[in-house]
Amino acid sequence: MRFRLFFLLMTLMTAVMSLNAQAPYSLPALPYEFKALEPSIDSATMNIHYSRHHAAYINNLNQALQGNESAQLSLIDLLKNISKYPASVRNNGGGHYNHSLFWSILTPSRNTQPSKDLMEAIQLGFGGMDSLRAQMNKAAMSRFGSGWAWLYINTSGKLAISSTPNQDNPLMDVVSDQGTPILGIDVWEHAYYLKYQNKRGDYLAAIWTVINWDEVSRRYHEVIPKKKGKFDEWPEIKTFHKSLAETFHPSESGDLKPVKNRSTELVQNATALSKSKIPAQFDTKAIRDAIKLLVADSKAIDKLVKSKASDKKLTSALTKLHDTFHTIVEECSHDGH
Ligand SMILES: [Fe+2]
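Conventions we followed
All residue numbers here refer to positions counted from 1 along the written sequence of the relevant chain. Per-residue local features of the predicted model are confined to residues with pLDDT of at least 70, and side-chain atom pairs are confined, for both listing and counting, to 80 or more; whole-chain, interface and lining totals are unaffected and use all residues. Strands are labelled as partners when DSSP assigns at least two bridges between them. The way it works is that DSSP assigns letters per residue, a run of H or I at least four long becomes a helix, a run of E at least two long becomes a strand, and they are numbered from the N terminus. Axis geometry follows a simple rule: fit a line to the C-alpha atoms, using only the stretch in contact for helices, then measure angles between N-to-C directions, giving values from 0 to 180 degrees. The contact rule is simple: place each C-beta atom from the backbone, and if two of them lie within 7 Å, those residues are in contact. Nonpolar cores are identified as sets of buried Ala, Val, Leu, Ile, Met, Phe, Trp, Tyr and Cys residues joined via C-beta atoms within 7 Å. Partly exposed residues are those whose C-beta has more than 12 but fewer than 20 other C-beta atoms within 10 Å; 20 or more makes a residue buried and 12 or fewer makes it exposed, with C-beta atoms placed from the backbone. Orientation categories follow fixed angle ranges, with anything under 35 degrees roughly parallel, anything over 145 roughly antiparallel, 65 to 115 roughly perpendicular, and all other angles oblique. Left-handed describes a crossing in which the near helix is turned anticlockwise from the far one by less than a right angle; the clockwise case is right-handed. Ten residue types, Ala, Val, Leu, Ile, Met, Phe, Trp, Tyr, Cys and Pro, are classed as nonpolar, four, Asp, Glu, Lys and Arg, as charged, and the remainder, Gly among them, as polar.

Strand order across the open sheet formed by three strands is 2-1-3, with antiparallel pairing between neighbours. Of all strands in the sheet, those with a lone pairing partner are strand 2 (159–165) and strand 3 (179–186), marking the two edges. Taken pair by pair, the neighbouring strands of this sheet meet at an average axis angle of 30°, ignoring direction. In terms of strand pairing, strand 1 (residues 147–154) meets strand 3 through seven bridges, oriented antiparallel. Residue pairing in the sheet places Trp150 in a bridge with Gly184 of strand 3. Docked against the sheet, helix 9 (residues 213–223) engages strand 1 and strand 3, running at close to 165° with respect to strand 3.

So this is what it looks like as structure tokens:
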């Protein structure tokens, strides 16, 4: 009995291993339902595009690589050296990579935004989001036949727009505009024909409402690290700022519950700030004095809360604390830092 179980297990493991050896690439899960991107992209198009077209690229890629040691390479490394491979690997490897990227940079959430750094790069590179969209759409519209429009980071680390035919992409060593793609728009007819027929422009106008800027930003920051914030070396001031923001801002519209619940926390965080190591560039007498005042202001608020003082008194004390905090932030911005 035990032997039989062992034999069964071994057979199963061999089967799984040989399956893996034959099929290194598999269809990634779609992060939303087929209908999730409607009305921009209809459910039937998503279903066929993902379940049939993308799946076919993967099957064909696995077949093209069968018995080839390069099947061990990561897809990205394969694409970066694509000149060494036959057209079947270029077309299907590109097809697999491009579609995996495409699903990830779409989302049903309508409120994603580029990160601060990416937005700055878009501003710098194209003059703003409207202009980026217009230039991407132009690249997508002028692609004759099938292909892709790309927003990518070029080899000088700058954002750029390009278009490639078929399933090529900026990673490939055979294209003229090389770099790392962070946003790709599929302009094969299979991506839009069911709903938009020949109106590629209508499809392009609609797709911008379902772009996942969180994912595009994540891909951007994989190449371009996030710029450091002014207070990254001073976590205590960030912690204090957070509790101040979460108590002061509600008070502006008359909600004093947060400050009443969190006055002890304000004192604790102000005290921690006063004991923290002030980064050398901010370590001035004005800032040290302001931090002392911040502790005193916080203690005054805590006392008012505990003695159940009037909302009016509490609001004015909280406003004073907020002003004191901003003198610190302003002082930190003054001396050229
Ligand atoms: Fe496609």
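Of all hydrophobic cores here, the largest spans 40 residues; its most connected members are Met136, Ala149, Leu151, Ile185 and Ile211. If you list the elements that add at least two residues to this core, you get helix 3 (75–80), helix 4 (87–104), helix 6 (129–141), strand 1, strand 2, strand 3, helix 8 (200–207) and helix 9. Each residue touching Leu151, except ones within four places of it in the same chain, is listed here: Met136, Leu159, Ile161, Ile182 and Leu183. Counting 20 residues, the second-largest nonpolar core is a separate cluster that includes Leu273, Ile291, Leu318 and Ile328.

To continue, consider the environment of Glu331. Inspection of the secondary structure puts Glu331 in helix 13 (residues 311–334). Each C-alpha atom of the pair Glu331 and Gly201 lies 51 Å from the other, and the pair is 130 residues apart in sequence. When sequence neighbours within four positions are dropped, the list of residues in contact with Glu331 reads Thr284, Ala286, Ile287 and Ala290.

Bringing the packing of helix 10 (residues 235–252) against helix 11 (residues 257–275) into the picture now. Between helix 10 and helix 11, the least distance of the axes is 9 Å, while the angle of their chain directions is 155°. Compared by their axis directions, helix 10 and helix 11 come out roughly antiparallel. By crossing handedness, the relation of helix 10 to helix 11 is classed as left-handed. Contacts between helix 10 and helix 11 involve Glu236, Ile237, Thr239, Phe240, Ser243, Leu244, Glu246, Thr247, Pro250 and Ser251 on the former and, on the latter, Pro258, Val259, Arg262, Glu265, Leu266, Asn269, Ala270, Ala272 and Leu273. Here the residues of the contact of helix 10 with helix 11 are counted per class, giving 10 nonpolar, five polar and four charged.

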